[in-house]
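Reading the structure
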Amino acid sequence: MERRVTLKRTTKETDILVTLDLDGSGHNDIDTGIGFFDHMLDGFARHGLFDLTVKVKGDLHVDCHHTVEDTGIVLGGAILKAVGDKAGLRRYGHFILPMDETLALCAIDLSGRPFLKYNAEFTADRLGDLDTEMIREFFYAVSYGGMMNLHLRILDGENNHHKAEALFKSFGKALDTATQEEPRMKEAWTTKGSL
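Okay, so let's go over this structure. Model, not experiment: these values are computed from the prediction.

This part takes up the pattern of salt bridges. Under the counting rule described, the total for this entry stands at nine salt bridges. Among the ionic pairs, D131 bridges to R126, the shortest N-O distance being 3.0 Å. By relative accessible area, which is 45% here, R126 ends up partly exposed. A salt bridge links R136 to E137; its shortest N-O distance comes to 3.5 Å.

In structure tokens form, the structure reads like this:
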């Protein structure tokens, strides 16, 4: 089954194209207009081994909010479409990622029930042209667009760049695990019969 999806979304605020291949090698082509956000999405794709194209034209003359949030909506939707009915998938994934002094945790359940639990504090308002408060908004949008239960937590850390990057990379690693095949399971892994 091919797990490569292309989604487009156009509003008055953003024009977004996302192509995601869950069975890639980490190759990506990302241009959101926000350099630091591009760097974070690159870390997500490379460490999750996803091939990812993200092209965004957003109203950056206003601020970064719509661009970041809407990218999360579309990426979440691409993940949801790529996993299909989730038959034979591990469903759960988690990863604890060290990055110098920082330690980040990500846990995922592709449950079909969206929820975000986020515990990460930043001492800087911005990283490059990305408002740090938008990191939570991005993951909130991904969790709801992807209909997944997503937990993200900074367990330790001081450097704001390291904390942000560790969150995105741990998300990539955990999602890679959750979307892998479980050879002993042929249907969706649930007592309900479907996810």
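Okay, the packing of aromatic side chains next. Counted under the stated rule, the structure contains eight aromatic pairs. Relative to F171, the ring of F44 lies with its centre 5.1 Å away and its plane at 15°, an arrangement referred to as stacked. Here F44, found in helix α1 (residues 35-48), pairs with F171, found in helix α4 (residues 160-178); they are 127 residues apart in sequence, far enough to count as distant. Each of the two residues, F44 as well as F171, counts as buried. Aromatic pair F139 and F171: ring centres 5.4 Å apart, planes at 80°, arrangement edge-to-face. With F139 in helix α3 (residues 133-145) and F171 in helix α4, this residue pair connects regions lying 32 residues apart in the sequence. By the ring-pair criterion, three or more aromatic residues cluster together here, those being F37, F44, F50, F138, F139, F168 and F171. Seen from the ring of F122, K163 lies directly overhead, with NZ or CZ sitting 5.6 Å from the centre.

Where α3 contacts α4, the two axes come as close as 11 Å, and the packing angle between them is 15°. Judged by the angle between their axes, α3 and α4 are roughly parallel. Remark: the crossing between α3 and α4 carries left-handed chirality. Here α3 contributes I135, F138, F139 and V142 to the contact with α4, which in turn contributes A164, L167, F168 and F171.

Rules used in this analysis
Residues numbered from 1 in each chain as written. Predicted model: local features only at pLDDT ≥ 70, side-chain atom pairs only at ≥ 80, totals over all residues. Heavy atoms only, no water. Salt bridge = Lys/Arg side-chain N within 4 Å of Asp/Glu carboxyl O. Buried < 20%, exposed > 50% of the residue type's maximum accessible area, 1.4 Å probe, protein only. Phe/Tyr/Trp six-rings, centres within 6.5 Å; stacked < 30°, edge-to-face > 60°. Helix = DSSP H or I, 4+ residues; strand = E, 2+ residues; numbered from the N terminus. Lys NZ or Arg CZ within 6 Å of the ring centre and 35° of its normal. Axes fitted to C-alpha atoms, helices over the stretch in contact; angles between N-to-C directions. Parallel < 35°, antiparallel > 145°, perpendicular 65-115°, else oblique. Left-handed = near helix turned anticlockwise from the far one by under 90°. Contact = heavy atoms within 4.5 Å.

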